[in-house]
Every structure is written in structure tokens, then in C-alpha cells.
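If you want the building blocks of each chain, they are given just below.
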Amino acid sequence: MRARATAPAKVILLGEHFVADGGTALACAIDARVSAEARPRAGGTVRIESRMGAAEAGTAPGDGDGAVPPALRPLLFAARESGAGGLELTVESPLTPGMGLGSSSACCVAAAGALLRLARGSEPPIKDALDLASRAERTAFPGASGVDAAACAHGGAMLYSAATGRRPVGAPGDGDPCSPRLVVAESSRAHSTAEAVARAGRFRDANPSEYSEMRSSAGKLASAGAHALASGDLAWLGWCMSENQALLARLGASNAELDALAEAGGGLSHGAKITGAGGGGCAVALADRGRAPRTARAFLKAGARRCFTARIDREGLEFP
Ligand code: PMV
């Protein structure tokens, strides 16, 4: 038997970093999908192959882990925890790792879906795959807020906080003139989420009262942005994103290259900011259909290494 599953990447529109510290974020899945396939394997070992490399280890925790690169360990954890026994897991992703588009969450969600499908012989509920993917992701980054995995598992747009979990947000459908285009620009550097979150933590510890005001402002922007998205008011949502970029820059999540991208992308669109942990990774601009190509050109002119236009993907984890 071969068990397949796919999951979308994600973009955080508003509220990253603060969401890892009790704040609220607005995030959405995008139509760049990761796919995973799990197959039984004779010999009782787990073999994993992805664009981050290939590795083989035993099915018991600790058996052969030393030979597995750190980037593949969350997938190894998910394979072992799924109870599927000896298996081969292949993960294919169109995403550049470390770009803040939730590549590791999307891989963990797609892999968890395929692994549980193999172990159970039937499609698992989304909540079971999300639980396994979240536990796998936290083996690499214990401080993860859960917003990435929730967006990749459920799809669509959502407000997310630790206290409330996911609250789905409606967005204009594709045929609607207010349907947003997300123009994503890759900077020259991959980022480490753990390092970027530690940097934000140092800012918080040095400036506690300013930080607490910033977190509250980011939460208000996320709530306002959710209303704006649901009502198709892209100008308002874009304004919220540019305001949020100023908070992220103050927090130390941006840098000269990302500032330049956000400025160039924001000039021709409704607004732009970094997305994800920052310190590298991507900037995202909110454009309408007509302005997306010009925004992409502005990003490339400002030094983006690669640029693509995405739509909100309503589908989360799927079993093709
Ligand atoms: O790893 P990234 O770039 O997708 O960022 C995740 C968003 C953070 O808020 C920085 C961390 C988190 O877990 O919420």
C-alpha cells in the first residue's frame, strides 16, 4: 500500500513573534503544496527522503538517530510515533527551506497525514494529523506557537492565539475582484526560527513595557486585518501589514535587506512586510490581481532572489 497526503504552505499576514508569546496572529494557507508518500518497507527501518537529504534509522526512539540530519528528525519522530512500523517516507516540496513559509510545518503535516493513513489503512481526521505534526515540529522548535501547523492542516485564513486556538476567517473567493494576491519575495538568506525568536526574546527582556504595548498593538492589527480580509477591504488589510512591519523592525526581526524589500513591495501594493520569523526569509506584499505583476517586478528590482504570486488555499491537509 502507498499512502499519500498533501498540505499547503502558509503566510503570516499579521502578528508573528507576538503569537509565540500569547499574542494573536492572522495567517493563511497558500497554494504552494507539499506532498508526502509513505510505503511499508521490509527490514524494520525508517527511510526518509526529502530535498533536505535522505537518512535511515530504526523504528525505536534513539536507534540510529546520530546518522539523521537535524532537519529530518521531526519527520523521523512522526514516522516512529505513527505506529506504521518499518517504512519509506518521501516528502516533495516546492518551497525553499528556511524562508518563513512554514516549509517544515507543511512537511510535518503532509507527512503526518500520509503516515497515519498508512498505519490505520484509512484517512485520519485532520486533528490527529495536526496533533502528530505539532509534536514532531516541537522536537525541533519547542517554542512553536502552533500557528504554522494549524494553517497548513486546516487551510484558509485564520486568527490564531494560544488561548483561543484557530478561528477561521472568511476571505473573498477567487472570482471576486477583492480576492487578494500575495506576492512573496525571497531574500538572500534562510533564517532560523529559534534564533529569530531568541532575538525577539532579548528585546522583550530589555524593554518589557514597550514590548507589551507592541504585542497589544500587533493583536489589534491582527483583529482589524481579519475584518478587513473578510470584508474584502484590501487597502485596510495592507495598511495593517505595513504598520505591523514597523513593529517587527523595532523588534529586530527585520534587517536592511528585508526593510528594502518591504518598502519596494509596499509602494505598488496595498502594503508589505516580512512574513514569519524574519532575520532572513521572505517579504510578502498584498496586491489585487491587477497590481501583482508590477509588485513582483518591484521586489526583483529591490534585490529579491525569487518571487512568486500566491492565492489563499482553502484546502488544508488533503488525501489525493
Ligand atoms: O518559522 P517561521 O518563519 O514560519 O515563523 C513562525 C512564526 C513565529 O511567530 C516567529 C514562531 C511561532 O511559532 O509562532
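Our subject is the structure listed above.
Throughout what follows, the structure given in this document is the object of discussion. Predicted model, so just to flag it, every value in this text is computed and none were measured. (Residues numbered from 1 in each chain as written. Predicted model: local features only at pLDDT ≥ 70, side-chain atom pairs only at ≥ 80, totals over all residues. Heavy atoms only, no water.)

## Side note on helix α8 (residues 256-268)
Taking 1.5 Å of rise per residue, 13 residues should cover 18 Å, and α8 covers 19 Å from first to last C-alpha, within 8% of that figure. Buried residues of α8: Leu258, Leu261, Ala262 and Gly265, and no others. Down the axis of α8, the buried set is contained in an arc of 100°. They therefore lie on one face. What points out from α8, more than 90 degrees from its buried face, is the exposed set Ala256, Glu263 and Gly267. (Helix = DSSP H or I, 4+ residues; strand = E, 2+ residues; numbered from the N terminus. Expected span 1.5 Å × (residues − 1). Buried < 20%, exposed > 50% of the residue type's maximum accessible area, 1.4 Å probe, protein only. Arc of directions from axis to C-beta.)

## A look at the site of the ligand
Near the ligand you find 18 residues, and of these Lys10, Ser145, Asp148, Thr193 and Ala277 are the closest. One of the side-chain nitrogen or oxygen atoms of Lys10 is found 2.7 Å away from an oxygen atom of the ligand. Within the contact set of the ligand, an oxygen atom lies 2.9 Å away from a backbone nitrogen or oxygen of His17. When the ligand sits alone it has 380 Å² of accessible area, and the protein chains cover 94% of it. When contributions to the shell around the ligand are tallied by element, the ones reaching two or more residues are β1 (3-14), α4 (147-154) and α5 (193-206). Per-class residue counts for the shell around the ligand are eight nonpolar, seven polar and three charged. Looking at which domains feed residues into the shell around the ligand, each of domain 1 (3-169) and domain 2 (181-310) gives three or more. (Near = heavy atom within 4 Å. Polar contact = N/O pair within 3.5 Å; in protein donor to acceptor, adjacent residues only side chain to side chain. Areas by Shrake-Rupley, 256 points an atom, 1.4 Å probe, with all protein chains shown as cover. Nonpolar A, V, L, I, M, F, W, Y, C, P; charged D, E, K, R; others polar. Domains from an automatic or database assignment.)

## Quick word on the packing of helix α2 (residues 103-120) against α4
With their axes 9 Å apart at the nearest point, α2 and α4 run at an angle of 50° to one another. Between α2 and α4, the angle falls in the class oblique. Between α2 and α4 lies a crossing whose hand is right-handed. On the side of α2, the interface is formed by Ser105, Ala106 and Val109, while α4 contributes Asp148, Ala149, Cys152 and Ala153. Partitioning the contact of α2 with α4 into residue classes produces five nonpolar, one polar and one charged. (Axes fitted to C-alpha atoms, helices over the stretch in contact; angles between N-to-C directions. Parallel < 35°, antiparallel > 145°, perpendicular 65-115°, else oblique. Left-handed = near helix turned anticlockwise from the far one by under 90°. Contact = heavy atoms within 4.5 Å.)

## Observations regarding the side chain of Thr6
For Thr6, the location among the structural elements is in strand β1. A polar contact is formed between the side chain of Thr6 and the side chain of Arg33, at a distance of 3.0 Å. Excluding residues that lie within four positions of it along the chain, Thr6 makes contacts with Arg33, Val34, Ser35, Ala110, Gly316, Leu317, Glu318 and Pro320.

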